[in-house]
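This is what each chain is made of:
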Amino acid sequence: MVTLLAKIFIKDYKNYSVPAVRTAYGVLCSIVGIALNILLSLSKFLAGWLSGSVALTADALNNLSDAASSLCTIIGFRLGAKAADRDHPFGHGRMEYVAGLAVSGIILFMGLELVISSVKSLIHPETVVFSWVSVIIMAAGILVKLYMYLYNHTVGKRINSATLESTAKDSFGDMLSTSVALLSLFASRFTTLPVDGIGGLIVACFIFKAGIDSARETLDLLLGRPPEKEFIEAVEKEVLSHAPICGIHDLMVHDYGPGRRVISLHAEVPGDLNVFELHDVIDQAEVSVAYKFNCWAIIHMDPIDLHNERLDTLKDLAAVIAKSLDERITIHDVRMVPGDTHTNLIFDIVRPFDCKLSEDDLKRILGEIIHKEQPDVFCAITVDAPFVGAL
């Protein structure tokens, strides 16, 4: 159904990277979600009233909260699509993440409400009336939620939307929770135990898990998390395809919302070539990266000496010693300033966040070992954090 509606209402519906298409998909999925959730909620309220099931009535309330969540998602997509302005020069894309966080809050609140009603049902159990009408409604609800999970997950992947992915997880949790409510309805025919209240608590666990997972996902996006390894490798490959660029470092990805990434990096180029020609190569690389990855790209040019044997020897030595201290450490921006009495070796190292050595200890130990190997060499070391990430 969503695919058919997309063909009808979304122009150029297969071009998922276009912001307008992406927003249209988010709104469409949310509208379909609102309609289906309201339908499910009304039918489950009816089934809960007929059977007297707390678990089923709570599941109906959960579906109603899902409709409210979809409304938040629409607002998030709409606000996130607003153009940049004076106060927000990188646009409003993170509003989609804020909407996702609001959805998480609604899910967690409904889970708390269900815990309260389920505990009351355990303390003061009421008779659950078995009804085939209720069974049919619940079975249909499971199928509908499965469909909602599939289309939200599929579209969420296509348009790279954490909000729709969270909605998909919520739908999957709803499918499981309705299954539990259905099982508790059948179990009530064969036991006097308060299976309805127990079922409600199990459903609450599913709801809480969905809410916590969704909150963690959106908080990670708001706080900043590293992009996928494949994305970093793709950016590096694209930059290095522009000769004579021979290396990159200090790659950073700033995420201001879907389709609003800023990529900055340092590109190493031979220092003995024409600076105007090199600058033209850097400009071409920036345009290429911006176009291919739908982002803003900023590339700093780092000229390096490729024909100095002493520098190559010292660079290799520093790299080997750094690896011996922690195999994850890398070095870059290596420069050498020779003098009559000694040589200064200047370079940066990338220290992992969980490295056992502090920044000061790392600089001191590395400098001492290099000086011991090469007595005329003194090191000036700058420690960088592994900035490959989303800020």
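Our structure's up above, just so we're on the same page.
Going along each chain's sequence as written, the residues are numbered from 1 onward. The predicted origin of the model limits local features to residues at a pLDDT of at least 70 and limits the giving and counting of side-chain atom pairs to 80 or more, whereas totals for whole chains, interfaces and linings rest on all residues. To obtain the side-chain values, all non-hydrogen atoms of the structure were included, while hydrogens and water were left out.

J.: Describe in detail the overall build of the chain, supporting the description with residues and values.
T.: Assigned secondary structure in the chain consists of 11 helices and six strands. Our radius of gyration looks at C-alpha atoms and nothing else; its globule reference is 2.2 Å times the residue count to the power 0.38. The C-alpha radius of gyration of the chain comes to 29 Å, more than 25% above the 21 Å expected for a compact globule of 391 residues. Across its three principal axes, the chain shows a C-alpha extent of roughly 95 × 50 × 35 Å. Only protein chains enter the accessibility calculation, which uses a 1.4 Å probe. A residue is then buried if its area is under 20% of the maximum for its type, exposed if over 50%, and partly exposed in between. Counting all 391 residues of the chain, 46% fall into the buried class. In the chain, of all internal contacts separated by at least 6 residues, the share reaching a separation of at least 24 is 68%. Carbon together with sulfur atoms contributes 64% to the accessible area of the chain, which is approximately 20,100 Å² in total. Here Asp and Glu are counted as negative and Lys and Arg as positive; His is not counted, and neither are the chain ends. The location of each charge is read from NZ of Lys, CZ of Arg, CG of Asp or CD of Glu. Counting 33 positive and 46 negative side-chain charges, the chain places the centres of these two groups 10 Å from one another. Only runs of H or I of at least four residues qualify as helices and only runs of E of at least two qualify as strands under DSSP, and these elements are numbered from the N terminus. For this analysis, residues touch if any pair of their heavy atoms sits within 4.5 Å. Calculation of accessible area relied on Shrake-Rupley with a 1.4 Å probe; when residues are assessed, cover is drawn exclusively from the protein chains displayed.

J.: So what's going on with the packing of aromatic side chains? Which residues, and what values?
T.: Whether two aromatic rings pair depends on their centres lying within 6.5 Å, for rings of Phe, Tyr and Trp, where Trp uses its six-membered ring; planes under 30 degrees apart make the pair stacked, over 60 edge-to-face, and the rest tilted. Under the criterion given, the structure shown has five aromatic pairs. Consider the rings of Phe-90 and Trp-296, whose centres lie 5.8 Å apart with planes at 70 degrees: the pair is edge-to-face. Taken together, the positions of Phe-90 in the loop between α3 (54-80) and α4 (95-123) and Trp-296 in strand β3 (residues 295-304) put the pair 206 residues apart, joining distant regions of the chain. Taking the relative accessible area as the measure of exposure, Phe-90 reaches 33% and is therefore partly exposed. Ring centres of Tyr-149 and Phe-172 lie 5.2 Å apart, and the angle between their planes is 50 degrees; this geometry places the pair in the tilted category. Here Tyr-149, found in helix α5 (residues 132-159), pairs with Phe-172, found in helix α6 (residues 162-187); they are 23 residues apart in sequence, far enough to count as distant. Taking relative accessible area as the criterion, Tyr-149 reaches 22% and is therefore assigned partly exposed. An aromatic cluster of three or more residues is present, and its members are Phe-90, Tyr-256 and Trp-296. The ring of Phe-231 carries the charged tip of Arg-261 above its face, separated from the ring centre by 4.3 Å. Charges are assigned to positions over rings by a cutoff of 6 Å between ring centre and Lys NZ or Arg CZ, combined with an angular limit of 35 degrees from the ring normal.

J.: An account of a nonpolar patch on the surface is needed here, citing residue identities and associated values.
T.: Residues forming no salt bridge and having over 30% relative accessible area are the ones grouped into patches, like charges within 9 Å of each other and nonpolar side chains (Val, Leu, Ile, Met, Phe, Trp, Tyr) within 5 Å. Take a side-chain nitrogen of Lys or Arg and a carboxyl oxygen of Asp or Glu: if they are within 4 Å of each other, that pair is a salt bridge. A contiguous nonpolar patch, built from Leu-71, Ile-75, Leu-79, Met-95 and Val-98 and spanning about 380 Å² of accessible area, is present on the exposed surface. Among the elements of the structure, α3 and α4 are those that each provide at least two residues to the nonpolar patch. Ranked by residues supplied to the nonpolar patch, first place goes to α3 with three residues. Mapped onto the fold, Val-98 is located in helix α4. For Val-98, a relative accessible area of 38% puts it in the partly exposed group.

J.: So, the sheet that holds strand β2 (residues 261-270): which residues are in play, and what are the values?
T.: A pair of strands is labelled paired if DSSP reports no fewer than 2 bridges between them. Taken in spatial order, the three strands line up as β1-β2-β3 in an open sheet, and their pairing is mixed. Pairing within the sheet leaves two strands with one partner each, and these edge strands are β1 (247-255) and β3. Here the strands of the sheet are splayed against their neighbours by 15 degrees on average, with no regard to which way each runs. Sheet topology note: the β2/β3 ladder contains 10 bridges and is parallel. Looking at the pairing, Leu-265 lines up with Ile-299 of β3. The sheet strands contacting helix α8 (residues 229-240) are β1 and β2, and the helix crosses β1 at an angle near 130 degrees. Comment: axis = line fitted to C-alpha atoms, over the contacting stretch for helices; angle = value between 0 and 180 degrees taken between N-to-C directions.

J.: Let's hear about the environment of Ser-179: which residues, and what values?
T.: Looking at the element boundaries, Ser-179 is found in helix α6. Through-space distance from the C-alpha of Ser-179 to that of Met-110 is 18 Å; in sequence the pair is 69 residues apart. A polar contact of 2.8 Å, which involves the side chain of Ser-179, links it to the backbone oxygen of Met-175. The definition of a polar contact used here is a pair of N or O atoms within 3.5 Å, where within protein one atom must be able to donate a hydrogen and the other to accept one, and adjacent residues in sequence count solely through side-chain atom pairs.

J.: I'd love a proper account of the sheet that holds strand β5 (residues 343-350), names of residues and values included.
T.: Overall, mixed pairing links the three strands, which are arranged β4-β5-β6 in an open sheet. Sheet topology places β4 (330-338) and β6 (377-384) at the edges, where each strand pairs with a single neighbour. When strand polarity is set aside, the average angle formed by the axes of neighbouring strands in this sheet is 15 degrees. Sheet topology places β5 next to β6; eight bridges connect them, and they run parallel. By the bridge assignment, Ile-349 is partnered in β6 with Val-383. The strands touched by helix α10 (residues 309-325) are β4, β5 and β6; relative to β4, the strand with the most contacts, the crossing angle is about 140 degrees.

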